[in-house]
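So you can see what is in the structure, the chains are spelled out below.
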Amino acid sequence: MGSAAASPQPSGNLTQDELKRVAAHRAVEFVESGMTLGLGTGSTAAHALDRLGDLLRAGALPGVAGVPTSLKTEAHAARVGIPLLPLDAASGASIRLSIDGADEVDPDLNLVKGRGGSLLREKMIEGAGDRFVVIVDESKLVPRLGCTGAVPVEVIPFGAPHTLGLIRKVFDGVPGFHARLRTVPAANGEDSDAPFLTDNGNYIVEMFFEDGIRGDLLDISDRLLRITGVIEHGMFLGMATTVIVANKDGTVTVINKKKMNQAVSSTSTRGRGKSERVWTYFEDEALLKALFELSLDPKWKSEGSFKNGYLSVLKATLAEKIPGCGLTAVPHIESRVRHFRTKYGAIEVMLANSGFSWDENRKMVQCEKQQYEDHCKRHPDAKGLYGISFPHLDTLAAIYGKDIATGKGAEGLGDAISNLEKEITLEESHDREVEEDSMSRETPRWASDRNLLDSTSSTSKRRKRDKGNEVRKSSDPFLDMLGEFRDDLKNASNHFGKMTEIMEREAKLQEEAAHKDPMQVLQQKSITELTRLGFTSTELVKAASVFVNVPNQMTMLFALPETLRRGFILNMLANEAQKN
Ligand SMILES: O=C[C@H](O)[C@H](O)[C@H](O)COP(=O)(O)O
């Protein structure tokens, strides 16, 4: 969509209202010209209305119209210039997208709405559309619906005390439950007897729970709706398709319902039962938090690998944090950890290639769709990442990449070693687990530089290399050389002082290379030179891609005086980045 003004940039110390605006502006990015929208109600949705109004007035979204979920929203939308439609057969069928706030969002993206009294029209309109995007600040995320305040129920005024009694019966015996008719505060701010009236002229019963609603929400919903005086309740079950969360630090997490449902491991563990399980956002968070904590404990992680039994520790932690979650060490947790490690690696591999970048705000990889699809043909682990938020990248980097953050060699060659170590650590971690479990399983294919450039390397080749330290050969000696070089870095990387060893080995490689094809020699020489010049592993890989396509760049590198070589490569990488 077009944009009349920039979305708010994330930063620290945002107020809750600013966070609401951040989420709202992000949601408006989903709006396209010609769309009929469901327009939500409340302080968060109000920011979306303002933003839409700005865009419409700037001529950015021709043909957009909205169906308001309340009288207040109707007035607001009219004020900011959003054309309005009533909810009739035509508009109901064509509502492409609704954007609205919520009072609570649970781990399954069920919502409590209606604390502003607009739940009935909201449910009608948002239920009629194709996509329902919910916008909240982080404070709205709850472990269970009903944790933070009232769950409203719209009832007809006739016989309201009687209906209230029937509602109470549904929760008979539930400790701490109570319900009351909502009233409007008197002018002096104190309680009054005047019932609150919805836009539809109805009353609201407010239900309160001590620690949220426990039990089957659909069943509870049915029981409430079977009460004749009840018109609708504020539990929006299974309706949200996307939830946009503005986090305290101003970053945004986009949780996609489809993605959550697809978030099952594609890995099969033979002989150990099915690993398929839908993980909620909160379960993922709890898992990664526990994994991170374990990674800090040398009893459970050392030399880049988690130790036997760590899955059981994770299981116990999750059982304590999320009672009743029923997550098992194998296959559930094992499979999910592997999923995260694989996707983390896949993202790292993508980001090492030109044309891919990381959108810190949306927490997703940015690239052209075609480029992504081509990449996936060579790197299937990257599938399922296009346009999907991956909020855990930083945590995973902290878990799997923290060993490299030794503070030594923050720049230059030390950095190159560290970065390479990071990838090697990931590979080691996987192999350790393969040994733990003799069952056959997929092997992540992301932990080798070779995969950055050549997808022809097979699992069996890697296994052979890993287990027997045999020298591997691929169809491309240049890539082999990169791999060997990496192995050497791995061996030497425990201490920066081992650089001499690496360079000696490099000299030997060069000597060996002298008997090879002149192009190979040049490639080896170039990579050694780039390493000497202090380029990181990511830069090395990018440069290698250029060298493969434009060998003259290597010739030019050595034609230049040493002092100019680093600048030359930086320039080459910058040009390459611009091209993509
Ligand atoms: O009736 C009110 C609506 O359901 C609102 O969407 C909900 O109460 C959230 O409002 P706010 O964005 O002001 O927190």
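Residues numbered from 1 in each chain as written. Predicted model: local features only at pLDDT ≥ 70, side-chain atom pairs only at ≥ 80, totals over all residues. Heavy atoms only, no water.

Visitor: Help me out: how do you make sense of the overall build of the protein chain in this one?
Guide: Across its full length, the protein chain carries 22 helices and 17 strands. Within the protein chain, buried positions represent 52% of all 580 residues. Of the roughly 26000 Å² of accessible surface on the protein chain, a fraction of 51% belongs to carbon and sulfur atoms. (Helix = DSSP H or I, 4+ residues; strand = E, 2+ residues; numbered from the N terminus. Buried < 20%, exposed > 50% of the residue type's maximum accessible area, 1.4 Å probe, protein only. Areas by Shrake-Rupley, 256 points an atom, 1.4 Å probe, with all protein chains shown as cover.)

Visitor: In this structure, what is going on with the sheet that holds strand S8 (residues 178-181)? I would like to understand it.
Guide: Either a parallel or an antiparallel arrangement is found when strands of a sheet pair, and the pairing is made through backbone hydrogen bonds. A sheet is described by the order of its strands in space; here four strands give the open sequence S8-S9-S7-S10, paired in antiparallel fashion. Bordering the open sheet on either side are S8 and strand S10 (230-233), each of which pairs with just one other strand. Along the sheet, successive strands turn relative to each other by an average axial angle of 25°, direction set aside. Sheet analysis places S8 next to strand S9 (residues 203-208), joined by four bridges and oriented antiparallel. Counterpart to arginine 180 in the pairing with S9 is glutamate 206. Here helix H6 (residues 160-170) sits on the sheet and contacts strand S7 (151-155), S8, S9 and S10; the angle it forms with S8, its principal contact strand, is near 165°. Each of S9 and S10 touches helix H7 (residues 217-225); the most contacted strand, S10, lies at about 155° to it. (Pairing = 2+ DSSP bridges. Axes fitted to C-alpha atoms, helices over the stretch in contact; angles between N-to-C directions. Contact = heavy atoms within 4.5 Å.)

Visitor: Is there a simple way to think about the packing of helix H2 (residues 43-57) against helix H3 (residues 71-80) in this case?
Guide: Packed helix pairs are specified by the crossing angle of their axes together with the interaxial distance, meaning the distance between the axes. Where H2 contacts H3, the two axes come as close as 9 Å, and the packing angle between them is 25°. Taken as axis vectors, H2 and H3 run roughly parallel relative to one another. Pair H2 / H3 crosses with right-handed handedness. Note on element contacts: H3 touches H2 through Thr73, His76, Ala77 and Val80, opposite Ala46, Leu49, Asp50, Gly53 and Arg57. Of the residues contributing to the contact of H2 with H3, the split by class is four nonpolar, three polar and two charged. (Parallel < 35°, antiparallel > 145°, perpendicular 65-115°, else oblique. Left-handed = near helix turned anticlockwise from the far one by under 90°. Nonpolar A, V, L, I, M, F, W, Y, C, P; charged D, E, K, R; others polar.)

Visitor: In this structure, what is going on with the side chain of histidine 375? I would like to understand it.
Guide: When you line up the elements, histidine 375 lands in helix H12 (residues 369-378). Under the relative-accessibility criterion, histidine 375 is labelled buried at 2%. Those residues within four positions of histidine 375 in sequence are excluded, and the remaining contacts are Val349, Met350, Asn353, Phe356 and Ala382.

Visitor: Would you explain the pairing of strand S12 (residues 242-246) in this entry?
Guide: Along any regular strand the residues' side chains alternate between the sheet's two faces. Judged by how many residues are buried, S12 sits mostly within the fold: five of five residues are covered. Neither face of S12 is left uncovered, since the one carrying Thr242, Ile244 and Ala246 and the one carrying Val243 and Val245 both have all their residues buried. Where strand S6 (residues 131-137) and S12 come together, five bridges link them in parallel fashion. Note that in S12 the partner of valine 136 across the bridge is valine 245.

Visitor: Sorry, what's going on with the nonpolar core here?
Guide: Considering soluble globular proteins, one finds that nonpolar side chains tend to be buried as a cluster. One finds Leu291, Leu314, Ile333 and Ile347 to be the most contacted residues of the largest nonpolar core, which totals 36 residues. Residue assignment for this core shows that the elements contributing at least two residues are helix H9 (281-295), helix H10 (310-321), helix H11 (329-351), H12 and helix H13 (393-401). Per element, the largest residue contribution to this core is nine residues, and it comes from H11. Ignoring anything within four residues of it in the chain, the contact list for isoleucine 347 reads Trp358, Val365, Leu385, Phe390 and Leu393. In terms of nonpolar packing, the next biggest core, distinct from the first, is built from 30 residues, Val22, Phe30, Leu39 and Leu52 among them. (Core = buried A, V, L, I, M, F, W, Y, C linked by side-chain atoms within 4.5 Å.)

Visitor: Looking at this structure, how should I read the packing of H9 against H10?
Guide: At their nearest, the axes of H9 and H10 sit 10 Å apart, and the two run at 130° to each other. As judged from the angle between their axes, H9 and H10 are oblique. Relative to H10, the crossing made by H9 is right-handed. Contacts between H9 and H10 pair Glu283, Ala286, Leu287, Ala290, Leu291 and Leu294 from the former with Tyr310, Val313, Leu314, Thr317 and Leu318 from the latter. Classifying every residue of the contact of H9 with H10 gives nine nonpolar, one polar and one charged.

Visitor: When you look at the site of the ligand in this model, what are you seeing that I'm missing?
Guide: Around the ligand, a shell composed of 17 residues is seen, among which Ser43, Thr44, Asp103, Lys113 and Lys140 lie nearest. In the shell around the ligand, the residues fall into one nonpolar, nine polar and seven charged. (Near = heavy atom within 4 Å.)

Visitor: Would you mind showing me how to read the packing of aromatic side chains here?
Guide: A ring pair, where both rings are aromatic, is described by two values, the distance of the centres and the angle of the planes. Inspection of every chain in the model, using the stated rule, returns eight aromatic pairs. With a centroid separation of 5.1 Å and an interplanar angle of 35°, the aromatic rings of tyrosine 372 and tyrosine 386 are classed as tilted. Taken together, the residues span a long stretch of sequence, with tyrosine 372 in helix H12 and tyrosine 386 in the loop between H12 and H13 at a distance of 14 residues. A residue is classified by how much of its surface remains accessible, and tyrosine 372, at 7% relative accessible area, is buried. The exposure class assigned to tyrosine 386 is partly exposed, which follows from its relative accessible area of 32%. Through a chain of ring-to-ring contacts, three or more aromatic side chains come together here, namely Phe306, Tyr310, Tyr344 and Tyr400. Above the ring of phenylalanine 30, the side-chain terminus of arginine 131 is found at 4.2 Å from the ring centroid. (Phe/Tyr/Trp six-rings, centres within 6.5 Å; stacked < 30°, edge-to-face > 60°. Lys NZ or Arg CZ within 6 Å of the ring centre and 35° of its normal.)

Visitor: Would you mind going over helix H20 (residues 537-549) with me for this structure?
Guide: Given 3.6 residues per turn, any residue in an α-helix points the same way as the ones three and four places further on. For H20, with 13 residues, the first-to-last C-alpha span of 19 Å sits near the 18 Å given by 1.5 Å per residue. Taken together, the buried positions of H20 are Ser537, Leu540, Val541, Ala543, Ala544, Val546 and Phe547. (Expected span 1.5 Å × (residues − 1).)

Visitor: Looking at this structure, how should I read the confidence of the model for the protein chain?
Guide: A low pLDDT means the predicted coordinates there should not be read in detail. Put simply, the protein chain has an average pLDDT of 76, and 74% of its residues get 70 or more. Counting interchain partners and residues more than four positions distant, the pLDDT-below-50 stretch residues 1-11 has 28 contacts. This stretch, residues 259-275, has a pLDDT under 50; its non-local contacts, to residues over four places away or in other chains, come to 43 contacts. In the model output, the complex is listed with pTM 0.50 alongside ipTM 0.98. (pLDDT = per-residue confidence, 0-100.)

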